[in-house]
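Analysis of the macromolecular model
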Amino acid sequence: MTLDQAVRRQLADIALAIVVGALVLSAAAFDNGTAPADYALTALASAALAGYRRAPRGVLAITTVTTTAYVLHAHPGPLAALPVLGAVHTAARAGHRGVAALASAAFLAGFLTTGPTRQEIVERTLLLAGWFLCALVTGLADRNWQAYLRQTEQRALEAERTREEAALRRAGEERLRIARELHDSLTHSISIVKLQAGVAVHLARKRGEEVPAALLAIQAAGGEAMRELRSTLEVLRTDEPTGTPALLVERARAAGLAVELSVRGDERPLTTTVDRAAYRIVQEALTNAARHAGPAEVTVRLDYSAAELAIFVDDDGGADPSRPPAPGIGLTGMRERVTALGGTLRAAPRAGGGFSVHAQLPLGTAEDAS
């Protein structure tokens, strides 16, 4: 429960106590022989109702004792029982059925002595007994209804969780099936093309002939296609990050890319989805820099704040703002990841040359962190 909800509930409880107190005090004002002590007892019984959520049994005890004392002293009408009725209802609603029944019996026993005639005593007591019975029954019904709602909500949450798990399982099975199909259908064919091109290049060089440019392009494209296919198969076989942005930077350096990493703010564990998205964004940005930026310098910066993680990957390559690149699969997938988390992404050439990737990812709560 949030602070605003708690405040609203407390204000509603206070309003209930004020309304009950106003009704009972108004009725007491028209009764003959109402003393100042009777007003004090009625006000105390009504004011106690404001705390029924926190201490239903305590409120029941206070209202029963004070209202019974008021009834025995002033002999008021049935409306004086209103604070006890409210306390009996809330106690039964909280599960204290026995205590509520005993309080009802105690108050009715005191009320039996208030009538001027036996017939009036019986009539008024039976009337109040019906009211107290209704208070008990409605309290129990409300309790059972609240329990039913909680069970329904839990079942709905469990069903949602089960559906999510089933969807994730089916998605994993589908990724593995696609990975197998790609491996079986493409790997062999690409390997044959690459092998044949390599043999042709080798024979041409052995004979002292000039190797055709198209043949070299086929050989290079075959090798690149094999690497891309392996990378794709790895992504399909597992959607979990295989490292950290720092490890990605180290790998890029080992491959010859001039890249620096800096971290600002309070670095801390992230939720699984945010951690996965951050890893993939840095991975895709470094891959694009290695492919398209040429001999450029790349900077990777992670900025942690209380509400979000900002990722900056900038290079000083040859990208021209006047000729923005067409978004490919990598940039599209990166944008989809960020959008799914409610974040923003900017991936475009920089005004001074080079390319910039800037992603802002909202951070989850600590309880969700993995």
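In this text the structure is predicted, and so the values were computed from the model without any measurement.

1. Remarks on the overall build of the chain
- A tally of helices and strands in the chain yields 10 helices and five strands.
- Per-residue burial for the chain yields a buried fraction of 33% across its 370 residues.
- Considering only residue pairs separated by 6 or more positions, the chain has 69% of its internal contacts joining residues 24 or more positions apart.
- A total accessible area of about 21700 Å² is found for the chain, and carbon and sulfur atoms account for 60% of it.

2. Observations concerning the sheet that holds strand β2 (residues 297-304)
- Here five strands make up an open sheet; going across it, the order is β1-β2-β3-β5-β4 and the pairing mixed. The open sheet has two edge strands with one neighbour each: β1 (258-264) and β4 (344-349). Within this sheet the neighbouring strands show an average axis-to-axis angle of 10°, counted without direction.
- Direction of pairing for β4 relative to strand β5 (residues 355-362): antiparallel, over a ladder of six bridges. Its bridge partner being in β5, Ala347 is matched across the sheet by Val357.

3. Structural notes on the side chain of Asp303
- Within the secondary structure, Asp303 is located in strand β2.
- A polar side-chain atom of Asp303 sits 3.2 Å from a polar atom in the side chain of Arg301.

4. A short note on the pattern of salt bridges
- In the structure shown here, the tally under the stated rule is three salt bridges.
- One salt bridge connects Arg253 with Glu260, and the closest N-O pair in it is separated by 3.4 Å.
- For Arg253, a relative accessible area of 32% puts it in the partly exposed group.
- Taken together, the shared-partner salt bridges in this structure form one network comprising Glu250, Arg253 and Glu260.

5. A look at the side chain of Thr63
- On the secondary structure map, Thr63 appears in helix α3 (residues 56-74).
- A polar side-chain atom of Thr63 sits 2.9 Å from the main-chain carbonyl oxygen of Val59.
- Of the polar contacts made by the side chain of Thr63, one reaches the backbone oxygen of Leu60; its length is 3.1 Å.

6. A closer look at the pairing of β2
- Two strands pair when backbone bridges link them, and β1 and β2 are joined in this way by seven bridges, in the parallel orientation. Residue pairing in the sheet places Glu260 in a bridge with Thr299 of β2.
- Between β2 and strand β3 (residues 308-315), which pair antiparallel in sequence order, lie three residues.

7. Looking at helix α5 (residues 97-111)
- Its 15 residues place the ends of α5 21 Å apart at the C-alpha level, agreeing with the 21 Å of an ideal helix rising 1.5 Å per residue.
- What α5 keeps buried is the set Ala100, Ala103, Ser104, Phe107, Leu108, Gly110 and Phe111. The arc that holds every buried residue of α5, seen down its axis, measures 160°, which confines them to one face.

8. Things to note about the packing of aromatic side chains
- This model, assessed by the stated rule, comprises one aromatic pair.
- Arg301 extends its terminal NZ or CZ atom over the ring of Phe312, reaching a point 4.0 Å from the ring centre.

9. So, the packing of helix α2 (residues 36-48) against α3
- With their axes 9 Å apart at the nearest point, α2 and α3 run at an angle of 155° to one another. With respect to α3, the axis of α2 lies roughly antiparallel. The crossing of α2 and α3 is left-handed. Contact with α2, carried on its side by Asp38, Leu41, Thr42, Leu44, Ala45 and Ala48, involves Val59, Ile62, Thr63, Thr66, Thr67, Ala69, Tyr70, His73 and Ala74 of α3 and no other residues of that element.
- Looking at side-chain class alone, the contact of α2 with α3 contains nine nonpolar, five polar and one charged residues.

10. Points about the environment of Ala255
- Looking at the element boundaries, Ala255 is found in the loop between α8 (245-254) and β1.
- What makes Ala255 exposed here is its relative accessible area of 68%.
- The sequence separation of Ala255 and Ala290 amounts to 35 residues, and the corresponding C-alpha distance is 8.8 Å.

11. Overview of the environment of His73
- Following the sequence through the fold, His73 ends up in helix α3.
- By relative accessible area, which is 52% here, His73 ends up exposed.
- Taking the C-alpha atoms as reference points, His73 and Thr114, separated by 41 residues in sequence, lie 8.8 Å from one another.
- Leave out the neighbours within four places in its chain, and His73 touches Ala35 and Asp38.
- A polar atom in the side chain of His73 sits 2.9 Å from the side chain of Asp38.

12. Here we look at the packing of α3 against α5
- As a packed pair, α3 and α5 sit with axes 9 Å apart at the nearest point and diverge in direction by 5°. Compared by their axis directions, α3 and α5 come out roughly parallel. For the pair α3 and α5, the contacting residues are Arg57, Leu60, Thr64, Thr67, Thr68, Val71 and Leu72 in the first and Val99, Ala100, Ala103, Phe107, Gly110 and Phe111 in the second.
- Taken together, the residues of the contact of α3 with α5 break down into eight nonpolar, four polar and one charged.

Rules behind the numbers
Residues numbered from 1 in each chain as written. Predicted model: local features only at pLDDT ≥ 70, side-chain atom pairs only at ≥ 80, totals over all residues. Heavy atoms only, no water. Helix = DSSP H or I, 4+ residues; strand = E, 2+ residues; numbered from the N terminus. Buried < 20%, exposed > 50% of the residue type's maximum accessible area, 1.4 Å probe, protein only. Contact = heavy atoms within 4.5 Å. Areas by Shrake-Rupley, 256 points an atom, 1.4 Å probe, with all protein chains shown as cover. Pairing = 2+ DSSP bridges. Axes fitted to C-alpha atoms, helices over the stretch in contact; angles between N-to-C directions. Polar contact = N/O pair within 3.5 Å; in protein donor to acceptor, adjacent residues only side chain to side chain. Salt bridge = Lys/Arg side-chain N within 4 Å of Asp/Glu carboxyl O. Expected span 1.5 Å × (residues − 1). Arc of directions from axis to C-beta. Phe/Tyr/Trp six-rings, centres within 6.5 Å; stacked < 30°, edge-to-face > 60°. Lys NZ or Arg CZ within 6 Å of the ring centre and 35° of its normal. Parallel < 35°, antiparallel > 145°, perpendicular 65-115°, else oblique. Left-handed = near helix turned anticlockwise from the far one by under 90°. Nonpolar A, V, L, I, M, F, W, Y, C, P; charged D, E, K, R; others polar.

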